[in-house]
Amino acid sequence: MNEKLEKLNQELEKSEAKLRRAQNQEKILEHQIKKLTRKERTHRLCTRGAMLESYLPHPENVMDEQIDVILKTLFYRNDIRQSIAKILAENGKEESE
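Values in this document were obtained by computation on a predicted structure and should not be read as measured data.

**Focus on the overall build of the protein**
- Of the regular secondary structure elements, the protein holds 3 helices and 0 strands.
- Traced from its N-terminal end to its C-terminal end, the protein shows the element sequence α-α-α.
- On C-alpha atoms alone, the protein measures out to a radius of gyration of 27 Å, which is more than a quarter above the 13 Å that the 2.2 N^0.38 rule sets for 97 residues.
- In terms of its C-alpha atoms, the protein occupies a principal-axis envelope of roughly 85 × 40 × 20 Å.
- Across the 97 residues of the protein, 2% fall into the buried class.
- Within the structure as shown, the protein displays about 9600 Å² of accessible surface, and the carbon and sulfur contribution to it stands at 56%.
- One way to put it: in the protein the 19 positive side-chain charges average out to a point 3 Å from where the 18 negative ones average out.

**Topic: the pattern of salt bridges**
- Counted according to the given criterion, the structure contains 2 salt bridges.
- Put simply, Asp68 and Lys72 hold a salt bridge, and the shortest N to O gap is 3.1 Å. Here Asp68 and its partner Lys72 are both found in helix H2 (residues 64–75), 4 residues apart, which amounts to about one turn of the helix.
- Here Asp68 falls in the partly exposed class, since its relative accessible area comes to 38%.

**Looking at unusual backbone geometry**
- Of note, His58 is a non-glycine position whose phi angle comes to about 50°, a positive value.
- By secondary structure assignment, the location of His58 is in the loop between helix H1 (2–54) and H2.

**Brief notes about the environment of Glu3**
- Assignment of secondary structure puts Glu3 in helix H1.
- Residues Glu3 and Cys46, 43 residues apart in the sequence, show an inter-C-alpha distance of 64 Å.

**What about a nonpolar patch on the surface?**
- Together, Ile70, Leu74 and Phe75 make up an exposed nonpolar region whose accessible area comes to about 250 Å².
- With respect to the helices, strands and loops of the structure, Phe75 is situated in helix H2.
- Given a relative accessible area of 45%, Phe75 falls into the partly exposed group.

About the cut-offs
Residues numbered from 1 in each chain as written. Predicted model: local features only at pLDDT ≥ 70, side-chain atom pairs only at ≥ 80, totals over all residues. Heavy atoms only, no water. Helix = DSSP H or I, 4+ residues; strand = E, 2+ residues; numbered from the N terminus. Rg over C-alpha atoms; globule rule 2.2 N^0.38 Å. Buried < 20%, exposed > 50% of the residue type's maximum accessible area, 1.4 Å probe, protein only. Areas by Shrake-Rupley, 256 points an atom, 1.4 Å probe, with all protein chains shown as cover. Lys, Arg positive; Asp, Glu negative; His and termini not counted. Charge placed at Lys NZ, Arg CZ, Asp CG, Glu CD. Salt bridge = Lys/Arg side-chain N within 4 Å of Asp/Glu carboxyl O. Patch = residues over 30% accessible without salt bridge, like charges linked within 9 Å, V, L, I, M, F, W, Y side chains within 5 Å.

Here it is as structure tokens:
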């Protein structure tokens, strides 16, 4: 009886150690996912910011508030909104195919 109990306790300890390793591995993987997601976002922001700057004369002289006004002015125009909706709808069609 003692041998059987001892054997079960050993198996329990091994299983708990295996569980801890798996949980640690899960944390490592979650951290890697967050890191990659953050890098993708940073890359996207830099790329799109560079695109915006390419349309501005002397972008180094433009203030953040001025960029905000320019973007709001553009995006509130009805024709621009319709163009954006059309472009985004095309993206949705491509994804469903």
